[in-house]
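# Descriptive analysis of the structure
Below are the chains, spelled out letter by letter.
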Amino acid sequence: MPFLEILTRCHKRPNMLQRNIASIANQTDGDFIHTLLVDEQGVGVAGAWAKLRDYAPRLAGDYIWILDDDDECVRPSLVDDLKAIVAQHAPDVIMLKMDHAQWGVKPSSSWGNAPMFGDIGCSAFVVRRDIWQLHAAEAWQETRYQSDYDLIASIFNGGYTVAWYDVVASRVQRISKGEPEVVA
């Protein structure tokens, strides 16, 4: 079983997906699996969250990270870094930072011990598989654009152990909101 499963929701963004895949291929530790959840029909944001929820029973990694096709990993040592955190602290959740373009780096330092609505992105957290599976079904019954907040708030309210890794691990290539890429 791989240490990390990286979930990438894809919808007709071939150039961004290539950059996404290349950024993951740069990892210095290959103890991961990269799973593409492809949407050929354009089911929208709610459908994309439902795809994650429906895939949850088939997860293979010890920990789960979302890195959508319009995002890219900027930390080649991420798998190594996460393994070191798990070896030292055995957290249920590892909070990271992501560069969310014009919306800034998320989450901000103003969080404290509870998630703030509007101050999260889906690649800003890594969750242990069993906790993900439990909370994905609960948090994503009614999917909406803010379902990343719904998931992490559900987990934080569950009393799990959280490790904060204060580095930017990913950045958005373009805020797509479910729209396909225009390819010339």
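The structure this text deals with has already been given above.
As a starting point, this report considers the structure included with it. (Residues numbered from 1 in each chain as written. Predicted model: local features only at pLDDT ≥ 70, side-chain atom pairs only at ≥ 80, totals over all residues. Heavy atoms only, no water.)

## Some thoughts on the side chain of Asn20
Keep this limit in mind: Helix and strand definitions here come from DSSP, where helices need a minimum of 4 consecutive H or I residues and strands a minimum of 2 consecutive E residues; each element is numbered from the N-terminal end. The definition of a polar contact used here is a pair of N or O atoms within 3.5 Å, where within protein one atom must be able to donate a hydrogen and the other to accept one, and adjacent residues in sequence count solely through side-chain atom pairs. Residue contacts follow a heavy-atom distance rule, with two residues in contact if any of their heavy atoms lie within 4.5 Å.
Of note, Asn20 is situated in helix α1 (residues 14–25). Among the polar contacts listed, one links the side chain of Asn20 to the backbone oxygen of Leu67, at a separation of 3.1 Å. If we ignore the near neighbours within four places in the chain, the residues touching Asn20 are Thr8, His34, Leu67, Asp68, Asp69, Asp71 and Gln173.

## Here we look at a nonpolar patch on the surface
Here is the rule: Residues enter a patch when their relative accessible area is above 30% and they make no salt bridge; the linking distance is 9 Å between like charges and 5 Å between nonpolar side chains (Val, Leu, Ile, Met, Phe, Trp, Tyr). Accessibility throughout is a Shrake-Rupley quantity obtained with a 1.4 Å probe, and a residue counts as covered only by protein chains that appear here. The working definition used for a salt bridge is a side-chain nitrogen of Lys or Arg within 4 Å of a carboxyl oxygen of Asp or Glu.
A contiguous nonpolar patch, built from Ile21, Leu36 and Val38 and spanning about 220 Å² of accessible area, is present on the exposed surface. For Ile21, the location among the structural elements is in helix α1.

## Focus on the environment of Asp69
Here Asp69 lies in the loop between β3 (63–66) and β4 (71–73). For the pair Asp69 and Met16, spaced 53 residues apart in the sequence, the C-alpha separation amounts to 6.0 Å.

## Quick word on the nonpolar core
Put simply, the rule reads: In this description, a nonpolar core means a group of buried Ala, Val, Leu, Ile, Met, Phe, Trp, Tyr and Cys residues linked to one another through side-chain atoms lying within 4.5 Å. Buried, partly exposed and exposed residues are distinguished by accessible area as a fraction of the type maximum, computed with a 1.4 Å probe on protein chains only: under 20%, between the cut-offs, and over 50%, respectively.
Among the nonpolar cores identified, the biggest contains 26 residues, and Phe125 and Trp132 are the most heavily contacted of them. Of all the secondary-structure elements, those providing two or more residues to this core are α2 (44–55), β3, β5 (93–99), β7 (125–128), α4 (129–139) and α5 (147–156). At six residues, α5 tops the list of elements feeding residues into this core.

## Examining the environment of Ile24
Here Ile24 is to be found in helix α1. Look at Ile24 and you get buried, because its relative accessible area is 2%. Beyond its immediate stretch of four places on either side in the chain, Ile24 contacts Ile6, Thr8, Phe32, His34 and Leu67.

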